[in-house]
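Residue-level listing of the chains:
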Amino acid sequence: MNPTAIRAAVSIAIFALVALLFPGALLGQQTGEGQGGSSGGAPLPLIANRMAESAEIELDGRLDDPAWTAATPITDFTQQEPVEGGEPTERTEIRVTYDADNLYIGAMLYDDPSGILAFQRERDAFLSTDDRFMWILDTFRDGRTGYFFEINAAGMMGDAVLTGGGGGGGFGGGGRAWDGIWETRTAILDNGWSAEIRIPFRTLNFNPNESSWGINFQRTIRRRNEEILWRGWRRSEGLRSPVFAGELTGLTGMSQGLGLEAVTSAIQNWRNQPNLESTAAVDENQFPSDVSLDVNYSVTSSLRASVSLNTDFAEVESDQRRVNLTRFPIRLPEQRDFFLEGSGVFSFAPRSGPTPFFSRQVGLNQGQQIPITYGTRLTGQAGPFELGFYQIGTGEHDYTRVDADSIASEVVPRESFTVARVRRKLFEQSAIGAIYTRRATWADPRDPSIDPIDQHTAGVDLDFSTRSFLGDKNLEMEAFVAWNSNPLPASDADHVDYSFQDLSSHGLRLSYPNDVWTAHISYRQFGDEYDPAVGFVNRNNFRRIEPNMGWHPRTPGVSWLRKLDFSVQFRELVSLDDDFPGASAYLLTGLGGVEEREWEFNLLGMDFESGDNIDLAATRTYEYLDFGFNPDRSVDPQPTFIDPGGYTTWNYRVNVRTAGRRRVSLFGNLFWGGFWDGDRVGGFGRISFRPSPAVTLSTNVQYNDVTLPDGSFTASLYELETDWTPSPWVAVTSQIQYDDQSELVGLFARLRWIVKPGNDVYLVFSQNWRYDPDDLLDPRRDFVMLSRGASIKANYTYRF
């Protein structure tokens, strides 16, 4: 069958499946009852009160301004946990008012003040330890995308972008890293705690012709592990799915000013690298500095264009180290602001992993920062379409690569990158989209005879979700097909005319995410030459099927136990090579041999009323290696080579998590079992100690003890973190990491001062050592300093 016929067949099959499963949805029919998650007729909206021209709100956390008296509160909250549909143990009142420039939310959360938990203060800290108040804004009323916000009684602020993947319930595409410009103040009172929140309309994209938004609220009372919501309180619904949100009405005359925003950033660095014998050519002290400018303009209230000159790097952030004993690379998260804002639209079939666009491919090369000379961006919505576009250029870059025992000169040629994305809303909470990327590389200055390369990627994806399957159940479907051009130009001596199957990937995933029962089945195929030039794929040349089923019963008759968890998952991954020598497939017959077959059993999971959790799991894995590899990546590896062949192992795991509300909490696991033709024992543990609300000390240990027939090794990572946050506006963090694979010790310390939202000052210090206890030249030098540096950075945002 030719490629065109294959694509047509896949498209017909997808839409035929949709028509069979969701005939009501295809006609746009939905039950009205689910929108509010309540019975007894349509839920009442929340009416936003327009403030008088002379009215003002002084942000101090106390709801004593006259503007709050004029706003009508909502109080009809419902328990989600521990009793679905139950009456909350504490009363909650929410008011919303606004003027031309800002949306204001006032929250009164009644409680015993002695029971309020508020440990966290740092921006975007996770609030699994604290009482919290959360809300979302679905500014386009599309039931998929929106903005998420959360605070605690100490005034900590967190926010994220809801991307719409998987029915609108996640922070994919870097959404959690988004830092919007807004403010809150809180106050602890004799009868609970209160909050005043101000969100400028300039921070949000919205349709100015609509007078109503989707809105929802959730409150956590941590000491009781109680969750209460305004709408969408069923366990199969929830805050992060905007389709279940309530309605905010009465919005008119909102202004975004001129819609023009300038963000400037300046950084001054000091870098010191000792003149060790192997690095004599490197200047010991360097003082690089940089300035960047981002200009953002709201073309409409829902569409924003940006131009970036000398794009800012996330030089005040630190990547987490990870232990990797597999044959495949690890994906690290994006941390640069230019790529984080509006990044949700670029998410492509996120649960299936084709990733045609991965922003860390731009401006980074093997960990080395490549200067981005310019960048343009367009993100937002136009009618039913969600749009995203990048055009970015990087300059030629010379640098000296210094390893522990070598030095080399490297040249990265000039490149330009184009990324275009469009998604079209379908029905109530679904979308179909397309993506295109181009990477153009100029000739290598060291060898002009090598032709420049243009590499292209294109793809189409479908995200189909309904909340009315079988009446009131959730059902989700994700389908995709992606293709990249031949990585070798026709003029290359090694050029091969690859087929569409070789250069493409496609897949389908069907999910049933509901309370008590969950299930999914997925199928995907990645061709041998599928490797997007601006994307990320950790393996290819396979076809895989994966069914999963879980049962999560409640235990109302056991006072100390809230829920049990049981699940089973099967995965079969088959090579696309007909002559692959692995075992015969169970399900994907008629292909090459099996590369990987795995049964994973969650034997018993217990969620306790105290907030603690324990899971027992067992995994049986068969994997065939068609080539050998050495899992020991240490500086001086032992003879631990794994020979080609088939291997079957059993592994067992115990996961433990204690309630984060305690001053000392633990999250970790222990595992043991087979490792190829040997054995592995190890674990992971993170212990957090909170002596006061402003201070957190954490240790993170990963340990692997591997024994093989020809040798043994350990692969371990040790980390110590400290956080001191005297206020929500000032945070001091430090981190020390060591892993015995690289034998490097790293120190990273940072002070962040939020002068006001959008304006930040950072002070950073870092230092790296090589741990070398066997240094024969100087036995006293167990730690050899490799590099150190410091930075001061300032960001300033000006809105017109």
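No experiment lies behind these values; they were computed from the predicted model shown.

### So, the environment of Thr-89
- Mapped onto the secondary structure, Thr-89 falls in the loop between β3 (78-81) and β4 (92-98).
- A relative accessible area of 42% places Thr-89 in the partly exposed class.
- Measuring from C-alpha to C-alpha, the distance between Thr-89 and Tyr-110 comes to 9.6 Å, with 21 residues separating the pair along the chain.
- Excluding anything up to four places from it in sequence, Thr-89 contacts Gln-79, Ile-221, Arg-224 and Glu-226.
- Of the polar contacts made by the side chain of Thr-89, one reaches the side chain of Arg-224; its length is 2.9 Å.

### Focus: a negative patch on the surface
- A grouping of Asp-528, Asp-577, Asp-578, Asp-579 and Asp-626 is seen on the molecular surface, where their side chains present a negatively charged patch.
- As for its placement among the helices and strands, Asp-626 is situated in the loop between β33 (613-625) and β34 (645-657).

### A word on the sheet that holds strand β5 (residues 102-110)
- Strands sit in the order β2-β4-β5-β10-β9 across an open sheet of five strands; the sheet is mixed. The open sheet has two free edges, formed respectively by β2 (49-50) and β9 (183-189), since each of these has just one partner strand.
- Sheet topology places β4 next to β5; seven bridges connect them, and they run antiparallel. Looking at the pairing, Thr-92 lines up with Leu-109 of β5.

### Examining the pairing of β4
- Of all seven residues in β4, seven are buried, a share of seventy percent or more.
- Neither face of β4 is open: one carries Thr-92, Ile-94, Val-96 and Tyr-98, the other Glu-93, Arg-95 and Thr-97, and all of them are buried.
- Bridge count between β2 and β4: two bridges; the pairing is parallel. Bridging across to β4, Asn-49 finds its partner in Thr-97.

### Here we look at the pattern of salt bridges
- One pass over the structure, following the stated rule, counts 41 salt bridges.
- When the shortest N-O distance is used, the salt bridge between Arg-219 and Asp-111 registers 3.8 Å. With Arg-219 in strand β11 (residues 213-221) and Asp-111 in the loop between β5 and β6 (132-138), the pair connects residues that are 108 residues apart, well separated along the chain. Each member of the pair, Arg-219 together with Asp-111, is buried.
- One salt bridge connects Arg-438 with Asp-454, and the closest N-O pair in it is separated by 3.0 Å. One end of the pair, Arg-438, is in strand β25 (residues 430-441); the other, Asp-454, is in strand β26 (residues 453-469), with 16 residues separating them in the sequence.
- On the basis of relative accessible area, Arg-438 is assigned to the partly exposed category, the value being 24%.
- Bridged by salt links that share partners, the residues Arg-539, Arg-544, Glu-546, Arg-571, Glu-595, Glu-596 and Glu-598 form one connected network.

Scoring rules and cut-offs
Residues numbered from 1 in each chain as written. Predicted model: local features only at pLDDT ≥ 70, side-chain atom pairs only at ≥ 80, totals over all residues. Heavy atoms only, no water. Helix = DSSP H or I, 4+ residues; strand = E, 2+ residues; numbered from the N terminus. Buried < 20%, exposed > 50% of the residue type's maximum accessible area, 1.4 Å probe, protein only. Contact = heavy atoms within 4.5 Å. Polar contact = N/O pair within 3.5 Å; in protein donor to acceptor, adjacent residues only side chain to side chain. Patch = residues over 30% accessible without salt bridge, like charges linked within 9 Å, V, L, I, M, F, W, Y side chains within 5 Å. Areas by Shrake-Rupley, 256 points an atom, 1.4 Å probe, with all protein chains shown as cover. Salt bridge = Lys/Arg side-chain N within 4 Å of Asp/Glu carboxyl O. Lys, Arg positive; Asp, Glu negative; His and termini not counted. Charge placed at Lys NZ, Arg CZ, Asp CG, Glu CD. Pairing = 2+ DSSP bridges.

So far we have only geometry, and geometry alone does not tell us how the molecule works.
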